[in-house]
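# Observations on the model geometry
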Amino acid sequence: MRTVLLIALQLVAMMAGAQRECASAPYRIERLAKNNSLQQKAAAIETFIQKYQSNGVTGTTAKMPAGVIRIPVVVHILEYGNNAISDAIVLSQIEAMNRDFRRKNADTSKIPDRFKSLSADIEIEFALATVDPKGRATTGIVRKKTNIKQWDADDKIKFSASGGSNAWDSKSYLNIWVGAMDRILGYSSVPGDAPEVDGVVLSPSAFGMGTAAPFNMGRTGTHEVGHWLGLIHMWGDKYCGDDLVSDTPPQSTYTVGCPSGMRQSCNNGVNGTMYMNFMDYADDACMQMFTTGQKNRMRSLFGDGGERASLLYSKGLSIPWSSEVSTPYEEEDVPQKVPVPVLSDKANIYPNPAISEIVVSLDASWVGSELQLVNVNGVVIQRVSITNKEQKMHLGNLQKGIYFLRSRNSGQMINEKIVKL
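Residues numbered from 1 in each chain as written. Predicted model: local features only at pLDDT ≥ 70, side-chain atom pairs only at ≥ 80, totals over all residues. Heavy atoms only, no water.

Take the confidence of the model for the chain next. With 88% of its residues at a pLDDT of at least 70, the chain reaches an overall mean of 87. In the predicted structure, residues 1-17 sits below a pLDDT of 50 and forms 21 contacts with residues beyond four places in sequence or in another chain. Low pLDDT (under 50) marks residues 331-343, which in the prediction has 27 contacts with non-local residues, meaning those over four places away or in another chain. (pLDDT = per-residue confidence, 0-100. Contact = heavy atoms within 4.5 Å.)

This is the structure:
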């Protein structure tokens, strides 16, 4: 079945030079063909998605997640020679994904009128992890020196033993690996696959904003994370196939370049092909939207029992609880770049226990920082920007129990237990 992947990639390579080349479809075919248990898991996940979406439509008891979902991200950068990627480029990729998934991209104005009502804010955001799996402070960026010049869509980039970088716990983090690939811009794991391979692989040539056109807007990351959240290509990965989303019209195959006007195929009616969708192959400048149906499909994975539900309880964006600090280089003896925070003795919290609100008394240096109220599962349930030295935080709508008040500023941190009566 390895031959299937190679043939598929060779066919892609025969096409015109500057086009999007996503290896997720042949990768998925190969993974499923080699693993019967993964076939069963993938089928169960699809059944779950369809049932969840159906329940949501009919108004039964399905519990879809409410509000904005924030996903901790760790970026593994595989450095060959002097080919380094700056932290600024990493941040630009996170910014690009947040722009597209929250429908904050200015080019939504380019969406044709016939599709504008379908364009959706997915209400999913991404942030570089602040805490690693051991509770240590981190930038969310792991760098690894490697002697591998070029990677294939075979997952070797995901293992230190083969020159790559080991995944962080995929139940708590989205793993993104960045390493040079031949013509391939990226690929995603199959939802339900083994934790050690779960995540997205991106080529430096299409990673972040400011790379070479036509893939210079970070939308390869948007596209591959769409796969990671259960979306497939618009054409269903076969001629006039089904992408399993009800509000995306069928189309014969992928779109190349930057088209305009009406394109029709597969009897897709008066609206034609939605070639500006992030799950097509158009250039970055000509991708502008996800649909409401795609939103429901992606978010269903966070429902009770869903494949991505554990991310809702990740501690990856909380305040570090270990005094140790992770180094920016994996398995490298380099100076630590992240300062070790010390527990602040300048915070006074009263009353505690409290019924309806607490007052956090701080010195002026904390103004502008963020207070986080965290439940016992490590989930941030309230955020308050500190605007003065006597900062109030309301607790009236919380259930009785134990919470933790956390903040970080200039190398100091607050980590105090709060009892809600």
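Now that the structure is up, let's keep going.
To continue, consider the state of the cysteines. A covalent bond between the sulfur atoms of two cysteines is referred to as a disulfide. Inspection of the entire model under this criterion finds two disulfides. Paired through a disulfide, Cys240 and Cys266 show a sulfur-sulfur distance of 1.9 Å. What sets the handedness of the Cys240 and Cys266 disulfide is the S-S torsion sign, and at about -80 degrees it is left-handed. Remark: Cys266 occurs in the loop between α6 (219-228) and α7 (292-300) and Cys240 occurs in the loop between α6 and α7; sequence separation between them is 26 residues. By relative accessible area, Cys240 is classed as partly exposed at 30%. The partner cysteine of Cys258 in its disulfide is Cys286, sulfur to sulfur 1.5 Å. Of this pair, Cys258 sits in the loop between α6 and α7 while Cys286 sits in the loop between α6 and α7, and the two are 28 residues apart along the sequence. Cys258 sits in the partly exposed class, given a relative accessible area of 48%. With a relative accessible area of 9%, Cys286 lands in the buried category. Assigning the bonded cysteines of the chain consecutive numbers by sequence position, one obtains the connectivity 1-3, 2-4. (Disulfide = S-S within 2.5 Å. Helix = DSSP H or I, 4+ residues; strand = E, 2+ residues; numbered from the N terminus. Buried < 20%, exposed > 50% of the residue type's maximum accessible area, 1.4 Å probe, protein only.)

Overall, the coordinates contain nine aromatic pairs when judged by the stated rule. An aromatic cluster of three or more residues is present, and its members are Phe101, Phe126, Phe278 and Phe290. Above the plane of the ring of Trp321 lies Lys315, whose end atom (NZ or CZ) is 5.6 Å from the centre. (Phe/Tyr/Trp six-rings, centres within 6.5 Å; stacked < 30°, edge-to-face > 60°. Lys NZ or Arg CZ within 6 Å of the ring centre and 35° of its normal.)

Moving on to the pairing of strand β2 (residues 124-128). Counted residue by residue, β2 has five buried out of five residues, so it is predominantly covered. Side chains Ile124, Phe126 and Leu128 of β2 all project onto a buried face; the interleaved residues Glu125 and Ala127 project onto the opposite face, where all are buried too. Pairing of strand β1 (residues 69-79) with β2 involves five bridges; the strand directions are parallel. From the neighbouring strand, Ile71 faces β2, where its bridge partner is Phe126. (Pairing = 2+ DSSP bridges.)

Cis geometry marks the peptide bond from Ala213 to Pro214; its omega dihedral reads 10 degrees. Geometrically, the link from Asn352 to Pro353 is a cis peptide bond, its omega value of 10 degrees lying close to zero. Along the chain, Pro353 turns up in the loop between β8 (348-350) and β9 (357-361). For Cys266, which is not glycine, the phi torsion reads 55 degrees and is therefore positive.

Take α6 next. Counting buried positions along α6 gives 10 out of 10 residues, so the element sits mostly inside the fold. Within the sequence span of α6, burial applies to Arg219, Thr220, Gly221, Thr222, His223, Glu224, Val225, Gly226, His227 and Trp228. Positive phi appears at Gly230, one or two residues downstream of α6, with a value of about 95 degrees.

Our focus in this paragraph is the packing of helix α4 (residues 87-101) against α6. Working note: a packed helix pair is described by the angle between its axes plus the distance between those axes. Look at α4 against α6: their axes get within 8 Å of each other, and the N-to-C directions meet at 60 degrees. Along this stretch, α4 crosses α6, giving a crossing that reads as right-handed. Across the interface between the two elements, Gln93, Ala96, Met97, Arg99, Asp100 and Phe101 of α4 pack against Arg219, Gly221, Thr222, Val225 and Gly226 of α6. For the contact of α4 with α6, the residue count by class is four nonpolar, four polar and three charged. (Axes fitted to C-alpha atoms, helices over the stretch in contact; angles between N-to-C directions. Left-handed = near helix turned anticlockwise from the far one by under 90°. Nonpolar A, V, L, I, M, F, W, Y, C, P; charged D, E, K, R; others polar.)

Our focus in this paragraph is the pairing of β9. Counting buried positions along β9 yields four of five residues, so the element is predominantly enclosed. Note: β8 against β9, three bridges, orientation antiparallel. Bridge pairing in β9 links Tyr350 to Val359. Joining the antiparallel neighbours β8 and β9 is a turn of six residues. Alignment of β9 against strand β12 (residues 390-394), held across five bridges, turns out to be antiparallel. Opposite Val359, over in β12, you have Lys392 as the bridge partner.

Pairing within the open sheet is antiparallel, and its three strands lie in the order β8-β9-β12. Of all strands in the sheet, those bounded by a partner on one side alone are β8 and β12. With direction set aside, neighbouring strand axes in the sheet form an average angle of 20 degrees.

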